[in-house]
Amino acid sequence: VQLQASGGGLVQAGGSLRLSCAASGRTFSSYGMGWFRQAPGKEREFLAGVTWSGGSTRYADSVKGRFTISRDNAKNTVYLQMNSLKPEDTAVYYCAARLGRTAVPSVLYDYWGQGTQVTVSS
């Protein structure tokens, strides 16, 4: 599976962005998908995960209620809708895939996108 993340950019605090992650391969629907982010000098942080069917999601406390993960298996794409953005959300955002259920530790993911920069100005 190859992943291509897009949709990042510069936004003011309180604004919104929607990230997309397009996957290649016919078995996309077999993979649990996750979104992570990494700010300079910090470890990669789990944000959200969605099961292969889209029926179950999970979120980090830091983004719960502000971010929403979803997927469209017909389009081989997973999304991260980000609302009420804060300057501390500034980071490079990555999508990732793993066979089976979603997981929090990044080391459990098999495939990664290249990352897209999100910058939130105050």
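Quantities reported herein were computed from a predicted structural model and do not represent experimental measurements. Note on numbering: residues in each chain are counted from 1, in written sequence order. A pLDDT threshold of at least 70 governs which residues receive local features in this predicted model, and a stricter bar of 80 or more applies before side-chain atom pairs are shown or counted, although totals over entire chains, interfaces and linings include all residues. Note: side-chain values were computed over all heavy atoms of the structure, leaving out hydrogens and water.

Draft legend 1. Representation of the side chain of Ser20 in the model. Secondary structure counts use DSSP, requiring at least four H or I residues in a row for a helix and at least two E residues in a row for a strand, with both numbered from the N terminus. Within the fold, Ser20 resides in strand 3 (residues 17-23). Contacts are residue-level and defined by heavy atoms, with any inter-residue pair within 4.5 Å sufficient. Look past the residues within four positions of Ser20 in its chain and what remains in contact with it is Gln4, Ala5, Ser6, Trp35, Thr77, Val78 and Tyr79.

Draft legend 2. Highlighting unusual backbone geometry. Unlike most non-glycine residues, Asn76 shows phi in positive territory, near 50°. Considering the arrangement of structural elements, one finds Asn76 in the loop between strand 7 (67-72) and strand 8 (77-82). Despite not being glycine, Ser84 has its phi angle at roughly 50°, a positive value. Tracing the backbone shows Ser84 in the loop between strand 8 and strand 9 (91-99).

Draft legend 3. Examining the environment of Arg98 more closely. Note that Arg98 resides in strand 9. Under the scheme applied here, a residue whose accessible area is under 20% of the maximum for its type counts as buried, over 50% as exposed, and between as partly exposed, the area being computed with a 1.4 Å probe on protein chains only. Residue classification places Arg98 among the buried residues on the basis of a relative accessible area of 18%. A C-alpha to C-alpha distance of 9.6 Å links Arg98 and Trp52, two positions 46 residues apart in sequence. Arg98 has contacts with Tyr31, Gly32, Ala103, Leu108, Tyr109 and Asp110, leaving out every residue within four places of it along the chain. Contacts described as polar in this section are N or O atom pairs within 3.5 Å, which, within protein, must combine one atom able to donate a hydrogen with one able to accept it, while residues neighboring in sequence count only if both atoms come from side chains. Within polar-contact distance, the side chain of Arg98 engages the backbone oxygen of Leu108 at 2.9 Å.

Draft legend 4. Spotlight on the sheet that holds strand 7. For two strands to pair, DSSP has to find at least two bridges joining them. The strand order across the open sheet formed by four strands is 1-3-8-7, and the pairing between neighbours is antiparallel. Looking at strand neighbours, the two that pair on one side only are strand 1 (3-6) and strand 7, the edges of this open sheet. Ignoring which end each strand starts from, the neighbouring axes of this sheet average 15° apart. As paired strands, strand 3 and strand 8 are joined by six bridges and run antiparallel to one another. Bridge pairing links Ala22 to Thr77 in strand 8. An axis is simply a line fitted to the C-alpha atoms; with a helix, the fit covers only the stretch in contact. Between two such axes, the angle follows the N-to-C directions and lies from 0 to 180 degrees.

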